[in-house]
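# Observations on the model geometry
Chain by chain, the residues run as shown.
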Amino acid sequence: MADTTADLRPGLSGVDHAELVAWFGARGEPAYRARQVMTALWSGSAERAGDLSTLPRALADALDDAFRWSTVDDETLVRSDAGQTEKALHRLADGATVESVLMHYPATAGRRARHTLCISSQAGCAVGCPFCATGELGFTRDLATAEILDQVRSAGRRMQAGERVTNVVFMGMGEPLLNLDRVLEAVAALNDPARLGLGARHITVSTSGVVPGIRRLTELGPQFTLAISIHAARDALRDVLVPLNRRWPVAEVVAAARDHARATGRRVSYEVTMIGGVNDTHADADALADLLRGDLAHVNLIPMNPVAHTPWQASPMPVIERFAGRIRAAGIPVTIRRNRGVEIGAACGQLAAERAGQPAAPAVARRRERLEVASARALRGQRSDEPIPAGVE
Ligand code: SAH
Ligand code: SF4
């Protein structure tokens, strides 16, 4: 429900350096004030401009009147994997909720510790993949640039001394390429050495296959790793698993991703959520291998996290290993990803979905039946006659 008393001040994290210099300039203040504020935003413990000892009081108050220091509240924090995974439910000013998940990977002999944060780009999602809790929630709205960035600042504040977020992945709620302008602004801020200072190799944006968005990214040149949620190489099945496939079929998605890899010289990741008896057959593995053979590609296989409204389960591990073997035999690098935070529902949108309440039992039953029919038809090679989801054009 929209909150009409919502705080409408823009979030300070979404204001870039030049705009902030102009804001200070209009008040007769020097440009270095902008850097002072940005440094405090990204590295200090201040909770408002008024906490900064470096700013004159009246100026700090004016800044607080004009901008919000943070646009996300941490409403709930849940830990799992012996504290190595932490999921946050953030409440936004209008009452919408989004999630981020922080995953700690301890140092190993050859590798430094990593702290990977998975963030949301939209509240809800219009694409409606039936194995995804966010898809079940439907679309609420795009996030503002500051709301994307403030998830990262929130995680930074929750980390221990000496630790920092080392990797950011846009794999939380929402379809980043359907909110591309804001996502690009957020990535530029994450890259900025005066803010988070993350290199392009440490940022991943995942898409369900918005072809014009992929093409636009290719024109811009490498900014981050591109991940494609492919899930199935055959159109009939992908129509069911990723309804956007009815708008941009899998061959078009892969062609755009292939051009991206060639133009940028950067390997594209292909994600497959492994669903038992649905997309894990030998035929599916071979179709995927045929589609990607010879490409600058890497395949990640992820067992499906359980979601209340679907009849589906994760594929058994031996099935995933056999699937991986067939992809590898085609010369395509493949990794099986461990499922982080299963017991806290750390798959995309699950915490927010729980808050939204369980759907009514008859609705779940109807949905399950429809999915079973649709996936059985898809396995026979029949394409879906359902419409393209609304709101994705
Ligand atoms: N909308 C974008 C990014 C957010 S979803 C996209 O679809 O790529 C991020 C990833 O989480 C996607 O690869 C998606 O397929 C995966 N995902 C969603 N629900 C899942 C579940 N129940 N189990 C495992 N992975 C899931
Ligand atoms: Fe949206 Fe991605 Fe979930 Fe599909 S998997 S519904 S595209 S968030």
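Residues numbered from 1 in each chain as written. Chains lettered and ligands numbered in written order. Predicted model: local features only at pLDDT ≥ 70, side-chain atom pairs only at ≥ 80, totals over all residues. Heavy atoms only, no water.

### Points about helix H9 (residues 250-264)
End to end, H9 covers 21 Å across 15 residues, agreeing with the expected 21 Å (1.5 Å per residue, within 8%). Turning to H9, its buried residues are Val250, Val253, Val254, Ala256, Ala257, His260, Ala261 and Thr264. Viewed along the axis of H9, the buried residues span an arc of 160°, placing them on a single side of the element. Residues of H9 that are exposed and angled more than 90 degrees away from the buried face: Arg262 and Ala263. Contacts from the buried residues of H9 go to helix H7 (211-220), strand E9 (225-229), helix H8 (235-241), strand E10 (268-274) and helix H10 (282-292). Gly265, located one to two residues past H9, shows a positive phi value of around 70°. (Helix = DSSP H or I, 4+ residues; strand = E, 2+ residues; numbered from the N terminus. Expected span 1.5 Å × (residues − 1). Buried < 20%, exposed > 50% of the residue type's maximum accessible area, 1.4 Å probe, protein only. Arc of directions from axis to C-beta. Contact = heavy atoms within 4.5 Å.)

### Digging into the environment of Ala287
By the element assignment, Ala287 lies in helix H10. Residues Ala287 and Arg234, spaced 53 residues apart in sequence, show a C-alpha to C-alpha distance of 6.9 Å. With residues up to four places along the chain from it excluded, the contact list for Ala287 reads Ala233 and Arg234.

### Thoughts on the pattern of salt bridges
Summed over all chains, the structure comprises 20 salt bridges. Across the pair Asp284 and Arg234 runs a salt bridge whose closest N-O atoms are separated by 3.2 Å. Of this pair, Asp284 sits in helix H10 while Arg234 sits in the loop between E9 and H8, and the two are 50 residues apart along the sequence. In the salt-bridge network here, residues are joined through shared partners; they are Asp74, Arg79, Glu86 and Arg158. (Salt bridge = Lys/Arg side-chain N within 4 Å of Asp/Glu carboxyl O.)

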